[in-house]
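Analysis of the macromolecular model
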Amino acid sequence: MRLSAEQVSIIRQTVAEIFGPEVQVSLFGSRVDDSKKGGDVDLLIESAQAIGEPAWLAAQLAARLERSMEGRKVDVLFLAPNLRRLPIHDIAQKNGIPL
Amino acid sequence: MSLPKDLQERLQFLARVVVREVRQLRETDQRLFANGFGLEEVKRLDSAPDLAERVDAFVSRFGRLQDTVGDKLLPAWRSAVGETPATVADNLDRAERLGLIPSADLWLGLRRLRNQMMHEYIEDPSVLSNALNTAHTHLTVLTDAADALLADLAQRGIIERS
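Read on for a plain summary of the structure. Per chain, residues are indexed from 1 in the order of the written sequence. A letter from A marks each chain and a number from 1 marks each ligand, given out in the order of writing. Local features in this predicted model are restricted to residues of pLDDT 70 or higher, and side-chain atom pairs are both shown and tallied only at a pLDDT of 80 or more, whereas totals for entire chains, interfaces and linings draw on every residue. Processing note: side-chain calculations cover all non-hydrogen atoms of the structure and skip hydrogens and water entirely.

So, the nonpolar core
Counted only if it meets this: Residues belong to one nonpolar core when they are buried, are Ala, Val, Leu, Ile, Met, Phe, Trp, Tyr or Cys, and are joined through side-chain atoms within 4.5 Å. Relative accessibility under 20% of the residue-type maximum defines a buried residue, over 50% an exposed one, and the middle range a partly exposed one, all with a 1.4 Å probe and only protein chains included. Runs of H or I in DSSP of at least four residues are treated as helices and runs of E of at least two as strands, each being numbered from the N terminus. Two residues form a contact once any of their heavy atoms are found within 4.5 Å.
Within the largest apolar cluster, 82 residues are counted, with the highest numbers of intra-cluster contacts made by Ile11 of chain A together with Phe58 of chain B. Of the residues forming this core, the biggest block, 13 residues, is contributed by helix H3 (residues 49-80) of chain B. In this structure Phe58 of chain B touches Leu25, Thr28, Asp29, Leu32, Phe33, Met117, Leu132, Ala135, His136 and Leu139 of chain B, once residues within four positions along its chain are discounted.

A short note on the environment of Val25 of chain A
Residue and element names in this part refer to chain A. Along the chain, Val25 falls in strand E1 (residues 24-28). Remark: the alpha-carbon pair of Val25 and Gly96, spanning 71 residues in sequence, is separated by 9.1 Å. In this structure Val25 touches Ile11, Val15, Leu43, Leu44, Ile45, Ile97, Pro98 and Leu99, once residues within four positions along its chain are discounted.

Side note on helix H6 (residues 125-137) of chain B
The test is simple: Helices are assigned an expected span. That span is 1.5 Å times one less than the residue count.
With 13 residues, H6 of chain B extends 18 Å between its outermost C-alpha atoms, agreeing within 8% with the 18 Å of an ideal straight helix rising 1.5 Å per residue. For H6 of chain B, every residue scored as buried is listed here: Pro125, Val127, Leu128, Ser129, Asn130, Ala131, Leu132, Thr134 and Ala135 of chain B. Where H6 of chain B is buried, its residues touch helix H2 (54-68) of chain A together with helix H1 (5-33), helix H2 (39-44), H3, helix H5 (104-113) and helix H7 (139-155) of chain B.

So, the packing of H3 of chain B against H7 of chain B
Residue and element names in this part refer to chain B. We count it as follows: Note on definitions: angles span 0 to 180 degrees between N-to-C directions of axes, and those axes are lines fitted to C-alpha atoms, for helices only across the stretch in contact. Throughout, a crossing is termed right-handed when the near helix is turned clockwise from the far one, and left-handed when it is turned anticlockwise from it by less than a right angle. Polar here means any residue outside two lists: the nonpolar Ala, Val, Leu, Ile, Met, Phe, Trp, Tyr, Cys and Pro, and the charged Asp, Glu, Lys and Arg; Gly therefore counts as polar.
Where H3 meets H7, the closest approach of the two axes is 10 Å, and the angle between their N-to-C directions is 35 degrees. When you trace H3 past H7, the crossing you get is left-handed. Two secondary-structure elements touch here, H3 through Phe58, Phe62, Leu65, Gln66, Val69, Leu73, Leu74 and Trp77 and H7 through Leu139, Leu142, Thr143, Ala145, Ala146, Leu149, Leu150, Asp152 and Leu153. Here the residues of the contact of H3 with H7 are counted per class, giving 14 nonpolar, two polar and one charged.

Some words on the sheet that holds strand E4 (residues 97-98) of chain A
Residues and elements named next belong to chain A. Put simply, the rule is: The pairing criterion is simple: DSSP has to find at least two bridges between the two strands.
Taking strand neighbours across the sheet as the criterion, the four strands line up as E3-E2-E1-E4 in an open arrangement whose pairing is mixed. A single partner strand is all that each edge strand has here, and the edge strands are strand E3 (74-79) and E4. Sheet topology places strand E2 (residues 41-46) next to E3; six bridges connect them, and they run parallel. By the bridge assignment, Asp42 is partnered in E3 with Asp75. The sheet contacts of H2 involve E2 and E3, and relative to E3 the element is tilted by about 145 degrees.

A word on unusual backbone geometry
Comment: phi is negative for the bulk of residues other than glycine, and the bulk of peptide bonds are trans. Residue and element names in this part refer to chain A. One non-glycine residue, Glu53, lies in the positive phi region at around 50 degrees. Along the polypeptide, Glu53 turns up in the loop between E2 and H2. One non-glycine residue, Glu70, adopts positive backbone phi at about 55 degrees. If you trace the backbone, Glu70 turns up in the loop between H2 and E3. Glu70 sits in the exposed class, given a relative accessible area of 74%.

This is how it looks when you write it as structure tokens:
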């Protein structure tokens, strides 16, 4: 996994501030692969509760993380009972590393 | 205070662009959201090309106004008032402190929202609907910032307002 301990801590803290402690956040995508370089930070957030305003919460979380991680691009994917499950969710769950 | 002529001309040009962009964004916004834009409308997009074009117009006009105000007018305004424009985030923090925008985080969140407004890419109707409605409800964040900057430039005699 190519995230520093500080970055993991920023992500966990920001996610908890917005969603509370009940959600699980995982890293997926190219940053789970130690042999690659650079790349976006792809995050999967799994919630047992419905997520109201999914687009707006994802955008606000991504914007806040991008600011605190020096402009590194962050993408946020939600998995929740009220949202449609897509093939990307299977990939994210299969390759994801819980933070 | 005398401004370099090229900066004054740039501000006058940007002011004309922003006035047009605000007007056009408001027009599309009124047409698209006249009867609300919920899941039913999202599901109709594939079979209603006029509606899909209206969504495209709204999304691109929203993005253009935000870019013109945040990335062009705001830094040029900072130069005009004797400040030094810096990074996007720094300019937005300054705009927040001056009350031109409610918050830099909100502005950056709206910017980040845009790729979830692309109806060809977003496969969950509730995500697309939420993205479009969020832009609609926050439209005044963009138009108020534009109005405040233009009013200040007019007060300083840098631009004329009709």
